Amino acid sequence: MGIFKTKEEKEQEMMLLIKRTVTVMQKQIKLLQAQKKVFFDRAAKAREEGMEDLMCASLAAYKQADAQLSHAKEAMMAFEAAAEIKECADATAAFAGAMAVISREMVSLTDEKTYGEIEQGFKKSMAGAKVASEHLQTILAMEKRLFSAPLAEEKKEDTPPETPEASEDADTAEVTTEGGDEKN
């Protein structure tokens, strides 16, 4: 252990001191409770034997032990309350420290320069995507014209030209099914 104590070492010493103090106070309370019993028993015995002075002295000691016991219990409760308040204050301080760290991080994350760079990058990528989409559409249109043009020419060469009369006959032709029913 060095000359200077770390924060953790100081905290451990404080917790040890609190535990020691609570232990000492608990022992004092038990001792006063035992003394009260002894003084009460002495007063009762002195009364049975008719020793009025010893009975009065024992009752006075009993009352004094009772008052000290009440003070010790109050002190113990006050000490425990103070220790709990200190723990709450420590938790609040830790929370405040953590919030300060988070706040600093949020400020650095939300820096306008960063968002400006993101916005510029986004605009540039969207413009690039638009140009790429336009190029793709141009390529697809060109491909469609290239592949559909020869097919149209081949169809025209393979099929005889259709006359208006032939198309009317095809529309009004009757179809006969296996059962002899006619369908239009």
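All values derive from a computational prediction rather than experimental measurement.

We now examine helix α1 (residues 7-49). The terminal C-alpha atoms of α1 lie 63 Å apart, and with 43 residues this matches the ideal 63 Å at 1.5 Å per residue to within 8%. Among all positions of α1, only Ile18, Val22, Met25, Ile29, Leu32, Lys36, Phe39, Ala43 and Ala46 are buried. Packing partners of the buried residues in α1 comprise α2 (52-109). Residue Gly50 follows α1 closely and has a positive phi angle near 80°.

Turning our attention to the confidence of the model for the protein. Looking at the protein, the pLDDT average stands at 81 and 77% of residues meet or exceed 70. Here strand β1 (residues 175-176) stands out as the least confident element of the protein, with mean pLDDT 47; α1 is the most confident, with 92. Every residue in residues 166-179 is under pLDDT 50, and counting partners more than four places away or in other chains gives nine contacts.

Definitions and cut-offs
- Residues numbered from 1 in each chain as written.
- Predicted model: local features only at pLDDT ≥ 70, side-chain atom pairs only at ≥ 80, totals over all residues.
- Heavy atoms only, no water.
- Helix = DSSP H or I, 4+ residues; strand = E, 2+ residues; numbered from the N terminus.
- Expected span 1.5 Å × (residues − 1).
- Buried < 20%, exposed > 50% of the residue type's maximum accessible area, 1.4 Å probe, protein only.
- Contact = heavy atoms within 4.5 Å.
- pLDDT = per-residue confidence, 0-100.

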